Amino acid sequence: MKALCWHGTRDVRIDRVPDPEIVNPRDAILKVTATAICGSDLHLYDGVIPSMVAGDILGHEFMGEVVEVGSEVSSLKKGDRVVVPFTIACGGCNPCHEQLWALCDNSNPNAWMAEKAYGYSGSGLFGYSHLYGGYAGGQAEYVRVPYADVGPFKVPSGLTDSQVLFLSDIFPTGYMAAENCHIQRGDVVAVWGCGPVGQFAIKSAFLLGAERVIAIDRVPERLELARTASGAETLNFDDDDVLERLRTMTGGRGPDACIDAVGLEAHGTGSLLARYDKVKTAAFMATDRLDVLRQAIHACRKGGTVSIPGVYGGFLDKVPIGAAFAKGLTFKMGQTHVHRYLAPLLALIEGGKIDPAFVVSHELPLDAAPEAYAMFLAKRDACTKVILRP
Amino acid sequence: MRTTNVSSGERIACMAAGMALGMFAARARRGSARWVVLSSAAALLGRGATGYCPINHALGRGRNVGDTREALAGSRGIKIVESVTIRADAQSLYDTWRRLENLPTVMRHLETVDVIDEKTSHWVMRGPAGIRFEWDAEIINDVTPTLIAWRSLPGSAVVSAGSVQFHERQRRGGVATELTVTMQYSALGGKASDMLAWLVGQSPASMLREDVRRFKAQVEAREVPTTRARSHGPRSVAGRIARVDA
């Protein structure tokens, strides 16, 4: 089959690879009908996530048609149309029973590796480095899905692929980021990063009752989308003094919650510390750039919440922990517990409360994936979200 | 089972030294010295492979090899402990573990466990460099559903003692049991233990951790996670060296 394989920093190619096969009794094989490039795939593309090996198939946002099931899978049959959560969960361990699906105890065959880096291992992820299990991803014609009786979610035929595909990751991720803010009436939420996750976080914050959402980015089309699609107020960090503006826009209090939908590759605002991060990571002395996180901590009101859906991988330097302590902040973060959001968010889509297709800017064949990665990284051609068709 | 009077650590050392000498002799010039080296290599290999040493026998050395109380007393031997929480009640975990013949399905370094009677069993382990270790073990303490303890019988190639304990807890995700395995080996101390780790690419402690992890996965997920037969594009040299698809 054809698949999009990682070969090194900014080097991805369409290769001919062996078809996947059923290995364990709870596996299923899907024929992928639609897959998307995630902002977090760009971290792999940029080579900042450790333990990638040349030849790895990328892709953790995908949906498709069941073509084969293992002997233990009775909940699915050939021909079912399903969306698959990017987090792989066994459904049998204590974290899974606590609805903490992204923290499944059993799904990472390379747990020892993650334990060395992090103490304990989270769940395995599709197409996201060997640290997270080394599973082949879904930017391919076919994909093997483990624990197929737990993950894959059947979607109604009345909804299009682009309406349901994002249940696999970015819609639940943006939603969980907003839910983690414990929004109450009158709350103001600030969102850094107006990529697809940021867009879903903005929409979700309004759905959960935020009075105002302030969106921060530098890409004009993305700020425009945040205003027109969701009704957010926007700040362009190239033109605005973000901290000062957030203060004055919130009656001198600061936002009640700050969402970092950027993660470890923040472009920075030209501040001294942003330049320091850049030099230090370039010299391999630090792993993560965190200008957004610093700003979010600094901007947040006393007693507020900092919610982090953006991916971090390693170590942080110059984190203003003193500010966080002095203001009694709450931090919420982590990979998304996708499974718990599938049914409730599908209900929102079916009820017409949200149409996730609003983030899509490009729909291309899988063969065009290498160019699509380059375009998405450069944010060329107003690229916000690419759907690939195998 | 054949009587052994050489400890496992010593057997590994003999094998390694024998192989090194053999390779040295193969490259050496012809001559009588070469045959001396070759025969020493053969003797060392034989001593390592069989675990029987005629010199030890003549000297009466190694008679107590296999006595757990002597071999594991005080600071002798190595001790490893591993703990894991499994979402199951203690009784069902105890029952699964007590069926010793099932253990090799998750304990990958074990080849077979044959249950001889209620208390005794015969164990076969695949050791480093293809050496097989066999021993008889007896259960010395058995408390349903909280404790199983065992030790190897005298005359065993691997002198070991161990226990597994089950403590049931109420956790947020439902009832769970803390399983703690303690194992002691006499043979793998010091340099020999380091060499063993080097040969198999894994220390006994991480081997036990992976074994316990597979046991948990088998109970909770009814299968052990794997990326065996994963599809992938062409690997680079570095990828092949890392053996990610092995």
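Up top you'll find the structure we're talking about.
Residues numbered from 1 in each chain as written. Chains lettered and ligands numbered in written order. Predicted model: local features only at pLDDT ≥ 70, side-chain atom pairs only at ≥ 80, totals over all residues. Heavy atoms only, no water.

(A) Structural detail: the interface of chain A and chain B. Each side of the interface is counted separately: chain A has 41 residues, and chain B has 31 residues. Summed over both partners, the interface of chain A with chain B buries about 2800 Å², with 48% contributed by carbon and sulfur atoms. For the chain A face of the interface with chain B, the top three residues by lost area are Val23, Asn94 and Asn106 of chain A, together amounting to 19%. If you look at where chain A meets chain B, you find 6 salt bridges. (Contact = heavy atoms within 4.5 Å. Buried area = accessible area lost by both parts, 1.4 Å probe. Salt bridge = Lys/Arg side-chain N within 4 Å of Asp/Glu carboxyl O.)

(B) Representation of helix α3 (residues 111–118) of chain A within the structure. What α3 of chain A keeps buried is the set Ala111, Ala114 and Glu115 of chain A. Seen from one end, α3 of chain A has its buried residues packed into an arc of 105°, which puts them on one side. Contact partners of the buried residues in α3 of chain A: α7 (204–221) of chain B. (Buried < 20%, exposed > 50% of the residue type's maximum accessible area, 1.4 Å probe, protein only. Helix = DSSP H or I, 4+ residues; strand = E, 2+ residues; numbered from the N terminus. Arc of directions from axis to C-beta.)

(C) How the structure looks around the sheet that holds strand β1 (residues 78–86) of chain B. Residue and element names in this part refer to chain B. Read across the open sheet, the 7 strands follow the order β1-β7-β6-β5-β4-β3-β2; overall the sheet is antiparallel. Two strands close off the open sheet at either side, each with one partner strand: β1 and β2 (110–115). Pairs of neighbouring strands in the sheet enclose a mean axial angle of 20°, with direction left out of account. For strand β6 (residues 160–171) and strand β7 (residues 174–185), the ladder comprises 12 bridges, and the chain directions are antiparallel. Following the sheet pairing, Phe166 is matched in β7 by Leu179. Strands β1 and β7 of the sheet are contacted by α7, whose axis makes an angle of about 20° with β1. (Pairing = 2+ DSSP bridges. Axes fitted to C-alpha atoms, helices over the stretch in contact; angles between N-to-C directions.)

(D) How the structure looks around the pattern of salt bridges. In total, this model carries 34 salt bridges over all chains according to the counting rule given. With a closest N to O distance of 3.5 Å, Arg222 of chain B and Asp149 of chain A form a salt bridge. Of this pair, Arg222 of chain B sits in the loop between α7 and α8 (237–242) while Asp149 of chain A is found in the loop between β8 (142–145) and β9 (153–154), placing the two residues in two different chains. Judged by relative accessible area, which is 40%, Arg222 of chain B ranks as partly exposed. For Asp149 of chain A, a relative accessible area of 26% gives the class partly exposed. Of the charged contacts, one joins Glu224 of chain A and Arg227 of chain A as a salt bridge, the two residues approaching to 3.0 Å between their closest N and O atoms.

(E) Spotlight on the environment of Leu147 of chain B. Residue and element names in this part refer to chain B. Mapped onto the secondary structure, Leu147 falls in strand β5 (residues 147–152). Residue Leu147 is classed as buried on the basis of its relative accessible area of 18%. C-alpha of Leu147 to C-alpha of Ser163: the two residues are 16 residues apart in sequence and 7.1 Å apart in space. Residues in contact with Leu147, not counting those within four places in the same chain, are Tyr94, Asn141, Asp142, Ser163, Val164, Gln165 and Phe166.

(F) Local environment of the nonpolar core. Among the nonpolar cores identified, the biggest contains 73 residues, and Phe166, Leu167, Phe171 and Val189 of chain A are the most heavily contacted of them. It is helix α12 (residues 338–350) of chain A that contributes the most residues to this core, 7 residues altogether. If we ignore the near neighbours within four places in the chain, the residues touching Phe166 of chain A are Ala36, Glu61, Phe171, Pro172, Phe200, Pro356, Val359, Val360, Lys385 and Ile387 of chain A. Residues Ala88, Trp123, Ala137 and Tyr185 of chain B belong to the second largest nonpolar core, which totals 35 residues. (Core = buried A, V, L, I, M, F, W, Y, C linked by side-chain atoms within 4.5 Å.)

(G) Geometry of the environment of Val23 of chain A. Position of Val23 of chain A relative to the elements: it lies in the loop between β2 (11–16) and β3 (28–37). Along the sequence, Val23 of chain A and Val145 of chain A sit 122 residues apart, while their C-alpha atoms lie 10.0 Å from each other. Look past the residues within four positions of Val23 of chain A in its chain and what remains in contact with it is Arg144 of chain A together with Thr226, Arg228 and Ala229 of chain B.

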